[in-house]
Each structure stands twice: as C-alpha cells, then as structure tokens.
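# A look at the structure
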Amino acid sequence: MNELTTEHYRALLGLDANWKVTSVEFLPKQKVVDIHIRFCGSGLKCPQCKCDCTQADLAPQRSWRHLDTMQVTTTIHASLPRSKCEACGVLTIAAPWADKHSRFTLLFECMAIEVVQAYSNVSAAAALLGLNWKTVHSIMDRAVQRGLKLRELEQINHVGIDENSFGKGQDYVSIMVDIDNKRVLEVQPGRTRESVDNLWKTLSETLRSSIKAVAMDMWQPFMESTRVACPNEKVVHDKFHVSKYLGEAVDQVRRQENKQLLEAGDDTLKGTRQLWLYALENLPEDKSTEFLFLQKEDLKTGRAWSMKENFRHFWECCDIEEAKVYFQSWYTWTTRSQLAPIVKVAAMLKRHLEGVLAYITHRITNAMSEGFNSRIQSIKSAARGFRNFENYRTRILFFCGRLELIPNVSSH
Ligand SMILES: [Zn+2]
C-alpha cells in the first residue's frame, strides 16, 4: 500500500498526526476492507487524571466497524496504547474514532442514528444497516447517554408530569416534559410518589425554583411530590384529564339509565354510547337528528351530557374571578342534579379547585405530553411491548427528548 493511499485514508478518517494508517487491504471475495491503524505519537495523557505520561505498552488488538466503502464492509483494526501514570497506573487510552465500549466508529454511529431517525422504526433501520435489534439499540443507548451529558438545562418555565403504561399494560412509567420546548426530560418506572420524586431529582434546585407551573392530573402522589420538590411553583390540573373524568361520568349515567329503561321495556338509549361521547361540534351530521331527538327527551343522560359540555366554557374564562363565579354556579347546578357520577366529579374538582383555577393564569395542559403519548404508543407497538424499562426509556428519550444524538466527530 503506497504512502498516498494510507495518508488519504488517514485524512478520510479525520485522524491527527498521532495516528498512522499502516495498511488498507481489500478482500474482494469476502467483500471487506480492513484498515490497520497504529499510534505513532510521542507521549500520552493519562485518561483519568489527564497528566502527561509515558507509554507502557499496547492493549490487545480491537476492531471497529466503520462506514462502508462503496458498499463494502469496512473495519478498522488497532492496538490502542496504554499509558503509565504514576498515580493511576496503566490505562488504555481512548480511540479518537469511537466511544469507549463501542464496536463501531463514531462516523458509523452517526450514520446509524440518522437512519433510525429517518425510519422512526428500529426494526426497519436494523434491517437496512444489516445489524441486529440489540446492536442498534446499544447505538441508540449510547446516543441518548451522550445527549443527556451534553444537554444544558438553563431555564424551564412549564413542566408537565404524566403517566403512561408499557409492557403488557400493567406497568406504568412517569414522564416529565418541558412544555415550552416540547421535549421529554426524563422517564421513571412506576407512577408512585417515589417515581415523581426521582423525576424531580434529575433537575437542579436552581432549575426547580425557576419553574412557574406544573401541569398534571389530580393525582395525589404527583401533587405531593411536586409541592416538596418545588415549593414556589403552581400545580395546574390538566383540562384534558378533567374532560376525561366528565366524559366517563356521562357514560356511567347512561349505563345506569339504560339499564333502568330496558327493565321497563324502553330501548331509547340502546346503542347510543358513542353518541354521548361526542362534543357537540364533533357530532357527525347523520347522527344529529337522532341526537337532537334524544336531547328533547327528559333523560338523565342528556342532562349529564349538558353539564359536561357546559364545563368547557370554564376554560374560556378571562380571569380568576370570572372563573370562580362560573365554577360556583356550575357546581350548584350539578350537585342539585342528583346524578351521582357527575356529583362525584364536581366534588373532586371542588377539592382541587386551586389547581383547576390555576389553568386560567398559566394556560398550560398536558396536551403536549398527550401528543407524546401517541408517539410513545407507536414506539410501544413497534416493539410489541417492552419488558425492560431501560429499553423503553432509551427509546422515549431518543425519539422525544430533542437531545443532541449525533456524536461530535470534528475533534479528532
Ligand atoms: Zn493518572
């Protein structure tokens, strides 16, 4: 191999003068290119304490898969030098072309990460890269670790905390989101007080004190943890969770009433479940006659539905005073209705009124994390349920963390 070619490869690999390409072998039958690299620098820095030291010896030869050369699998082979430090002893220095434990060069990892991002599907990306699922996952995991290390959190104004199921549905994770920057900050197993405590621990105290408001469900462990972790902030109860509770209450009223009516031989409510789940403006045109007819009947379900629909105006109130008045009149109306499921939700809202009212000031919701939920849903279905929490976390942070995933390869 002539000097020009080896020098050309050294430049291509972005190596500095401390490294020399000693040979480039092309084996056409096996369709491989083997690049051999040797350390030729003088003096080493101890990987631990960074002091100047001498070279002890060479570590056993290792190989790293590199970007293909014209569709030919290309591998780098090298024996990394070991430094001899007075304080730290003999240590292997890091290869400038790869992460410490990786079997791939950083440039290969860059390409693999871009392929996974472009496909949004790990299996498809693995097939294209000719790698197995586990290997691609290890590249994603390293990318997330690097990204988290590089992430500089300066100020976070609005945080969302929500839960999500994983695995076969019985396991939960708690997810912390930076609402303004539309990114997942961290994921923890479970949906307990401890889960949320651990989420908060990932943010510095200064950062926590800069937070203005936190959107969440009316879930006691989440609220308690948040009050302790950032005492200055405001809990804002998420309006989509409130709507969900009211929707479920309407459905319970319908089920009870339908049962009573059927017992009396009246099938007015039969097969109407879906109808009552619509918001008025989303009602399909072909259903509107049926719905208006049902509304004219004096049905408990119809009244419960009106109460649910009516509460939507609460969110449109311009200020806290107006919202307080609105809530009080809605509350009185619902509690007089004697529709137990609705009364129950109204009582819950009253207990958490401070956090419900806080929406009027902060106008934040978990809708963004709900958006993530659909993204996370596709991550889950692509992998047909994760058994392992760490794998699940890696994927969420890889796809929804807005991290700097691509390794910096300009430095060597
Ligand atoms: Zn040292």
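Since we're looking at a predicted model, the values are computed, not measured.

Cut-offs and rules
- Residues numbered from 1 in each chain as written.
- Predicted model: local features only at pLDDT ≥ 70, side-chain atom pairs only at ≥ 80, totals over all residues.
- Heavy atoms only, no water.
- Helix = DSSP H or I, 4+ residues; strand = E, 2+ residues; numbered from the N terminus.
- Rg over C-alpha atoms; globule rule 2.2 N^0.38 Å.
- Buried < 20%, exposed > 50% of the residue type's maximum accessible area, 1.4 Å probe, protein only.
- Donors = N, O, S within 2.8 Å, 3.2 Å for Na, K, Ca; no water.
- Tetrahedral: all angles 85-135°; square planar, octahedral: opposite > 155°, others 65-115°.
- Pairing = 2+ DSSP bridges.
- Axes fitted to C-alpha atoms, helices over the stretch in contact; angles between N-to-C directions.
- Contact = heavy atoms within 4.5 Å.
- Phe/Tyr/Trp six-rings, centres within 6.5 Å; stacked < 30°, edge-to-face > 60°.
- Core = buried A, V, L, I, M, F, W, Y, C linked by side-chain atoms within 4.5 Å.
- Domains from an automatic or database assignment.
- Parallel < 35°, antiparallel > 145°, perpendicular 65-115°, else oblique.
- Nonpolar A, V, L, I, M, F, W, Y, C, P; charged D, E, K, R; others polar.

## Here's the deal with the overall build of the chain
A tally of helices and strands in the chain yields 15 helices and 13 strands. In terms of C-alpha radius of gyration, the chain reaches 30 Å, well past the compact-globule figure of 22 Å for 412 residues. In terms of its C-alpha atoms, the chain occupies a principal-axis envelope of roughly 95 × 50 × 35 Å. Across the 412 residues in the chain, those meeting the buried criterion constitute 47%.

## Some points on the coordination of the zinc ion
Around the zinc ion, the protein contributes the donor atoms C46 (SG), C49 (SG), C85 (SG) and C88 (SG), which lie 2.3 Å from the metal centre. Coordination at the zinc ion is tetrahedral: its 4 donor atoms span angles of 106 to 115 degrees at the metal.

## Regarding the sheet that holds strand β1 (residues 19–27)
Pairing is mixed in the open sheet, where 4 strands are placed in the order β1-β2-β6-β5. Strand pairing shows two members of the sheet lacking a second neighbour, β1 and β5 (62–69), which therefore form its edges. Adjacent strand axes in the sheet meet at a mean angle of 25 degrees when their direction is disregarded. Pairing analysis gives 8 bridges linking β1 to strand β2 (residues 32–39), with the strands arranged antiparallel. Counted as the bridge partner of S23 is H36 from β2. This element, helix α1 (residues 3–12), spans β1, β2 and β5 of the sheet and lies at about 105 degrees to β1.

## A few points about the sheet that holds strand β3 (residues 44–45)
In space, the 4 strands of this open sheet follow the order β3-β4-β7-β8, with antiparallel pairing throughout. With partners counted over all chains shown, the strands left at the sheet margins are β3 and β8 (89–92), one partner each. Note that strand β4 (residues 52–58) and strand β7 (residues 81–85) share 4 bridges and pair antiparallel. Looking across to β7, one finds that L58 is bridged to P81.

## Let's talk about the packing of aromatic side chains
Following the criterion strictly, the structure yields 17 aromatic pairs and no others. Aromatic side chains F314 and W315 sit 5.1 Å apart centroid to centroid with 85 degrees between the ring planes, which places their arrangement in the edge-to-face category. Across the pair, exposure class does not vary: F314 and W315 are buried alike. Ring centres 6.3 Å apart and planes at 75 degrees place the aromatic pair F314 and F327 in the edge-to-face group. Here F314, found in the loop between α10 (300–311) and α11 (320–336), pairs with F327, found in helix α11; they are 13 residues apart in sequence, far enough to count as distant. The pair F314 / F327 is uniform in exposure class, with both members buried.

## A look at the environment of A213
Relative to the assigned elements, A213 resides in strand β12 (residues 213–216). The spacing of A213 and P189 is 24 residues in sequence and 23 Å in space, taken between C-alpha atoms. Once residues within four sequence positions are removed from consideration, A213 is found in contact with N157, H158, V159, K234, V236, H362 and I364.

## Quick notes on the nonpolar core
If you look at the biggest cluster of nonpolar residues, it comprises 43 residues, and the most contacted ones within it are W276, F311, F314, F327, W330, I342 and L349. Of the domains in this structure, domain 3 (158–238 + 365–400) and domain 4 (239–362) are the two that each give at least three residues to this core. For I342, the contacting residues outside a window of four places in its chain are A249, V250, V253, A304, M307 and T334. By size, the runner-up hydrophobic cluster in this structure holds 35 residues, among which are F104, F108, M140 and L405.

## Notes on the domain arrangement of the chain
We note that the domain assignment places domain 1 (1–97), domain 2 (101–150), domain 3 (158–238 + 365–400) and domain 4 (239–362) within the chain. Computed over C-alpha atoms only, the centres of domain 1 and domain 3 are separated by 42 Å.

## Side note on the packing of α10 against α11
Interaxial distance between α10 and α11 falls to 11 Å at its minimum, and their mutual angle equals 170 degrees. The angle between α10 and α11 falls in the class roughly antiparallel. Where α10 abuts α11, its residues S306, M307, N310 and F311 lie against Y326, F327, W330, W333 and T334. The residue makeup of the contact of α10 with α11, split by class, is 6 nonpolar, 3 polar and no charged.

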